[in-house]
Amino acid sequence: MDKMPTGMKALEQDVIDKLDEFRIVSKGNFQYKIFHMEAANIVGEPAQEGEESLERELQSKGIQPFQVRAIVSDEVAVRLVYSSVSLSYKEKPEELIPKILPDNIHELEYTLASKIHRMTLPEIPEVALFAPYEEKAVPPEIQALVGQLGAQVPEAYREDQYELLELGLDYEGFPVTRINMNEAEPIPDGVKTLIVIEPRELNDRQRYEINKFLHQGGSVFLAVQNYEYNYSTSGRQLTIFSEERRPGINPLIETWGLSVASEILVDKLHEVINLSGAARIGPFAVSVPVKLPFHIRIPQSGMNPDISITSRLSPLIYLWGTPINLNDEKIKAQDLRVDQLLQSSSDSWLIPFTTSPLSPSDLEPKLVHKRGPFPLAVMVRGQFANALQGENVPPWPKLEETSDEIEVEIAEVEPLPPEDLSPSPGTLILIGNAKIFQKEIVQSGGHFAFFLNSISAITLGEDLVTIRSKQVIDRSINRASATAKVTWRLFVTLLVPIGIAVAGAARVFLRKRAKRNYLKALLLPESG
């Protein structure tokens, strides 16, 4: 401990305190042992032939030192330190937490609990991820240029905005499979949770597969993006161009009393985003800050504190999202339980979608606009009805490649007869925004935590994810509304001086009256 950098000297005691809590709660079933190691023992030769140091032995298990910055006297140096935890249980493979630092010590409790929970399960639940990506060809000139440098470059590469979700699930220990949800890559057998991110024009067979999976007791995380926007600046004029995505999910989820709204959601509680290269200063492109009411900010007041998924999360940016419509009659008829996870503020409203260019003034509230708050993400639990009850099973689309482009056509085959499905209660998390899970945004705020919390809750059970909510969060003061700002300005600049003047006038009046009464009291005996 004494050889650790200054910023990490208390780390060992913090880890020991957390391990002691596990030992006490488990009534002795959890045991631990601390080993102190030095990276120098890996570099040096063994003291005796056949003798292997502890550092070398654990290196084969993946426990290795890592570099950290340390301030030694008046210099900044780099040191190799050990700060890892290895977990073993019966004959199961060991689980490793490779780096424990002061910055992530708040995650240790959940990481330990989740790994222990997975090790005690007969098998770890599998997860399937269905999210769009594009295969793009590398331009021939780039291939030729790289080839001249003696390196090889593939002919194509994948442009994947949701690759971090797959990496995050893998890091959390979930066996994850990326699928295209087609005839070649259907939902694998044994999958517990299906993650559908930004579906684009779902066909009948894909809707059938989601319906079947949820009706038979699966868990589904569904993030829908109805619209995206492009900005164009000309001088000080900003023009907004809208693009409709058409996910094609409403025909399915309307059976369960849910739908993603077709209107544009705007909110007075919004954030500034920077447009890269939106303006130029001479030959240089510069970023321009843009503040529009559909850059919606969801503070903790817009999150459900009673559900572990959203308890104590950092604020979210609900970029270009849409609200969720709830049909209470259909929900009640199916005895489904609906919990709102996220909602907009009371100063939010809906405007009709249009393909015409928008200006910031078009987003201003009007009397005809429906006002919030609106549900933005919901968790639905219960027995989901078979939305295609009695209907034939739709065939998979058939891809027919032409010389110009790839066209999608429905294979001309006889549809399959209806399947006999075994109903079982399932869970659905529906959010009207997929943009926040793209790699440029998901790492900021509470977006990644919201995603992982959701997957853990519907895959492993909600009890485990309550631990994850004990993390460092943003405790900044909520932003004041325009009305509140004007009120406080009037109070400070006008009401306070008026109050002081009134108090001063009242004091002068009271002193004069006291003086007058005193003088009257002095004259009374003489007049008598």
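Structure first, text after, so check above.
Residues numbered from 1 in each chain as written. Predicted model: local features only at pLDDT ≥ 70, side-chain atom pairs only at ≥ 80, totals over all residues. Heavy atoms only, no water.

## Thoughts on the overall build of the chain
Here's step 1: Secondary structure summary: the chain contains 12 helices and 24 strands in total.
Here's step 2: Sorting the 528 residues of the chain into buried and exposed places 40% on the buried side.
Here's step 3: Restricting the contact set of the chain to residue pairs at least 6 apart, pairs at least 24 apart contribute 70%.
Here's step 4: For the chain, the accessible surface area stands at approximately 30900 Å², while carbon and sulfur atoms represent 52% of it. (Helix = DSSP H or I, 4+ residues; strand = E, 2+ residues; numbered from the N terminus. Buried < 20%, exposed > 50% of the residue type's maximum accessible area, 1.4 Å probe, protein only. Contact = heavy atoms within 4.5 Å. Areas by Shrake-Rupley, 256 points an atom, 1.4 Å probe, with all protein chains shown as cover.)

## Quick notes on the side chain of Gln-206
Here's step 1: Mapped onto the secondary structure, Gln-206 falls in helix α7 (residues 204–215).
Here's step 2: Judged by relative accessible area, Gln-206 falls into the buried class, the value being 9%.
Here's step 3: Other than its neighbours up to four places away in sequence, Gln-206 contacts Phe-130, Asn-180, Met-181, Glu-201 and Trp-396.

## A look at the packing of helix α6 (residues 163–171) against helix α10 (residues 447–460)
Here's step 1: The interhelical angle for the contact between α6 and α10, taken along N-to-C directions, is 55°, at an axis separation of 11 Å. Here α10 runs oblique to α6, going by the angle between their axes. The crossing of α6 and α10 is right-handed. Between α6, through Leu-164, Leu-165, Gly-168 and Leu-169, and α10, the contact on the second element is made entirely by Phe-448, Phe-451, Leu-452 and Ile-455.
Here's step 2: Taken together, the residues that form the contact of α6 with α10 break down as seven nonpolar, one polar and no charged. (Axes fitted to C-alpha atoms, helices over the stretch in contact; angles between N-to-C directions. Parallel < 35°, antiparallel > 145°, perpendicular 65-115°, else oblique. Left-handed = near helix turned anticlockwise from the far one by under 90°. Nonpolar A, V, L, I, M, F, W, Y, C, P; charged D, E, K, R; others polar.)

## Digging into the pattern of salt bridges
Here's step 1: In the structure shown here, the tally under the stated rule is 20 salt bridges.
Here's step 2: The salt bridge involving Arg-158 is made with Glu-135; its shortest N-O contact spans 3.5 Å. Of this pair, Arg-158 sits in strand β7 (residues 156–159) while Glu-135 sits in strand β6 (residues 134–137), and the two are 23 residues apart along the sequence.
Here's step 3: The partner of Glu-419 in a salt bridge is Lys-212, with the nearest N and O atoms 3.4 Å apart. Linking Glu-419 in the loop between β23 (406–410) and β24 (426–431) with Lys-212 in helix α7, this pair joins segments that are 207 residues apart in sequence.
Here's step 4: Given the relative accessible area of 22%, Lys-212 is considered partly exposed.
Here's step 5: Through salt bridges with shared partners, a single network forms among Glu-198, Arg-200, Glu-228, Glu-243 and Arg-245. (Salt bridge = Lys/Arg side-chain N within 4 Å of Asp/Glu carboxyl O.)

## Some thoughts on unusual backbone geometry
Here's step 1: Residue Pro-373 is bonded to the preceding Gly-372 through a cis peptide linkage, with omega at 10°.
Here's step 2: By the element assignment, Pro-373 lies in the loop between β20 (348–351) and β21 (375–382).
Here's step 3: Located in the positive-phi region is Asp-335, a residue other than glycine, with phi close to 55°.
Here's step 4: Tracing the sequence through the fold places Asp-335 in the loop between α9 (328–333) and β19 (337–343).

## With respect to the nonpolar core
Here's step 1: The biggest cluster of nonpolar side chains holds 65 residues, and the ones touching the most others in it are Ile-197, Phe-221, Leu-342, Ile-431, Phe-437, Phe-450 and Phe-451.
Here's step 2: Ranked by residue count, the leading element in this core is α10, at eight residues.
Here's step 3: Membership of the second largest hydrophobic core comes to 29 residues, among which are Ile-179, Trp-256, Val-378 and Leu-428. (Core = buried A, V, L, I, M, F, W, Y, C linked by side-chain atoms within 4.5 Å.)

## Regarding the packing of aromatic side chains
Here's step 1: What the rule picks out here adds up to 11 aromatic pairs.
Here's step 2: Ring centres of Phe-221 and Phe-451 lie 5.5 Å apart, and the angle between their planes is 85°; this geometry places the pair in the edge-to-face category. Highlighted residues: Phe-221 in strand β10 (residues 219–223) and Phe-451 in helix α10, separated in sequence by 230 residues.
Here's step 3: Accessibility expressed as a relative area gives 0% for Phe-221, which makes it buried.
Here's step 4: Considering the side-chain rings of Tyr-231 and Trp-320, the 6.2 Å spacing of their centres and the 90° angle between planes classify their relative orientation as edge-to-face. With Tyr-231 in strand β11 (residues 227–234) and Trp-320 in the loop between β17 (316–319) and β18 (324–326), the pair connects residues that are 89 residues apart, well separated along the chain. (Phe/Tyr/Trp six-rings, centres within 6.5 Å; stacked < 30°, edge-to-face > 60°.)

## Regarding the environment of Val-224
Here's step 1: Structurally, Val-224 is set in the loop between β10 and β11.
Here's step 2: Through-space distance from the C-alpha of Val-224 to that of Gly-321 is 8.4 Å; in sequence the pair is 97 residues apart.
Here's step 3: Among all residues touching Val-224, those that are not within four sequence positions of it are Pro-199, Pro-247, Ile-249, Val-260, Leu-430, Ile-431, Gly-432, Asn-433 and Ala-434.

## With respect to the pairing of strand β9 (residues 191–197)
Looking down a regular strand, the side chains alternate between one sheet face and the other.
Here's step 1: Burial of β9 is extensive: six of the seven residues sit out of reach of the surface.
Here's step 2: Examined bridge by bridge, strand β5 (residues 126–130) and β9 share five bridges and lie parallel to one another. Paired with Glu-126 across the bridge in β9 is Val-191.
Here's step 3: Relative to β10, β9 runs parallel, the two being bridged by five bridges. In the strand pairing of β10, Thr-193 is matched with Ser-219.
Here's step 4: Taken together, β9, α7 and β10 constitute a β-α-β crossover, and its handedness is right-handed. (Pairing = 2+ DSSP bridges. Right-handed = clockwise from strand over helix to strand, strands pointing away.)

## A short note on a nonpolar patch on the surface
Here's step 1: Taken together, the side chains of Val-486, Trp-488, Leu-490, Phe-491, Val-492, Leu-494, Leu-495, Val-496, Ile-498, Ile-500 and Val-502 make up a nonpolar region of the molecular surface, amounting to roughly 1000 Å² of accessible area.
Here's step 2: Residue position: Leu-490 is located in helix α12 (residues 482–527). (Patch = residues over 30% accessible without salt bridge, like charges linked within 9 Å, V, L, I, M, F, W, Y side chains within 5 Å.)

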